[in-house]
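Analysis of the macromolecular model
Here is how the chains run, residue by residue.
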Amino acid sequence: MKLTLIKQAVVVSVIATLAGCSSTTSPGAVDVDRRQLLIVPAQQLEQMAQVSFNEQNEKARAAGKLVTQGAAYDRVRRVAARLQQQAPVFRPDAANWNWEVALINSPELNASVAPGGKITVYTGIIDKLQLTDDELAMVLGHEIAHALREHGRERVSQAMAQNLIGSVVMGALQTSEAQAKMAGQVTDVMLTLPNSRKNEIEADKIGLEIAARAGYNPAAAMSVWQKMGSASSGARPPEFLSTHPANESRIAELTRMQAAVMPLYQAASRQ
Ligand SMILES: [Zn+2]
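Quick caveat: nothing in here was measured; it's all calculated off a predicted structure. (Residues numbered from 1 in each chain as written. Predicted model: local features only at pLDDT ≥ 70, side-chain atom pairs only at ≥ 80, totals over all residues. Heavy atoms only, no water.)

1. Focus on empty space enclosed by the protein
In plain terms, the rule: Put plainly, a pocket is an open set of points on a 1 Å grid over the protein atoms alone with protein on both sides within 12 Å along at least five of seven lines, a cavity is a set where a 1.4 Å probe fits but cannot get out, and a lining residue has an atom within 4 Å of a point. Grid points are joined across faces, edges and corners, and a volume is the space filled by probe spheres set on the points. In DSSP terms, a helix is any run of H or I states spanning at least four residues, a strand is any run of E spanning at least two, and both are numbered starting from the N terminus. Charged means Asp, Glu, Lys or Arg here, nonpolar means Ala, Val, Leu, Ile, Met, Phe, Trp, Tyr, Cys or Pro, and polar covers whatever is left, Gly included.
All told, the structure shown has two cavities of 30 Å³ or more when counted by the stated rule. Taken together, Met138, His142, Ala203, Asp204, Gly207, Leu208, Ala221, Val224, Trp225 and Leu254 form the lining of the largest cavity. With four residues, helix 8 (residues 197–213) is the largest single contributor of residues to the lining of the largest cavity. Here the lining of the largest cavity is composed, by residue class, of seven nonpolar, two polar and one charged. Volume-wise, the second largest cavity comes out at about 30 Å³. Taken together, Met138, Val139, His142, Val224, Trp225 and Phe240 form the lining of the second largest cavity. Elements with a contribution of two residues or more to the lining of the second largest cavity: helix 5 (133–148) and helix 9 (220–231). In terms of residue count, the dominant contributor to the lining of the second largest cavity is helix 5 (three residues). Its residues assigned to classes, the lining of the second largest cavity comprises five nonpolar, one polar and no charged.

In structure tokens, the structure reads:
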């Protein structure tokens, strides 16, 4: 068992070297510069993400739950658009991404993002937490940051590196059987494995900076997590919390980061 783990670690590091492990984003004022293992082709993953995003939306539409107009929809779109304008600060190619936002009418306190910038927001998180625009910007900024950092692709890459020793990636993917197998694994990884704590901190930091640059008050980063924490004492804890613990260290970290982003917020507010 131990030997297997060591073998896996060696394989991961060899692949990391071969793949030219690097960071997906510029460090920004919040200084995120961890190098990442990215052996799965981005394009392939984005295609899969688009397929499942469309499926999700069609299902919601059929159930009469896909919100495509009205005040709540306009608000989510407006905040997301302002944040997306700042994304190229972290990676210039994000200016050409096909960002999409789906608003689903459902009591779930949740939001998520799929590779390539496919954001899903549930009305529950907005209504039950009574999110202000600043707080909504923190939630959306966090999700946008996961996409910019390609955390989904990184998790899938890590899973592949550990499970498919010997038959790793590219060549194997040319057969439809291998593609189907990979699609299954991708779905599993994306749906079942939560982001690591490291990824969560990165998304918090970059999301906070994007929101500040877009003119949203950084203090909302703390209030939104406090609201999330309070909601967790209710009968039905927020789904968002199963992958995003609103613990004290998270709030403390967001408080510590205020100094780095406050000047950006002030500059944006003066414009
Ligand atoms: Zn997250």
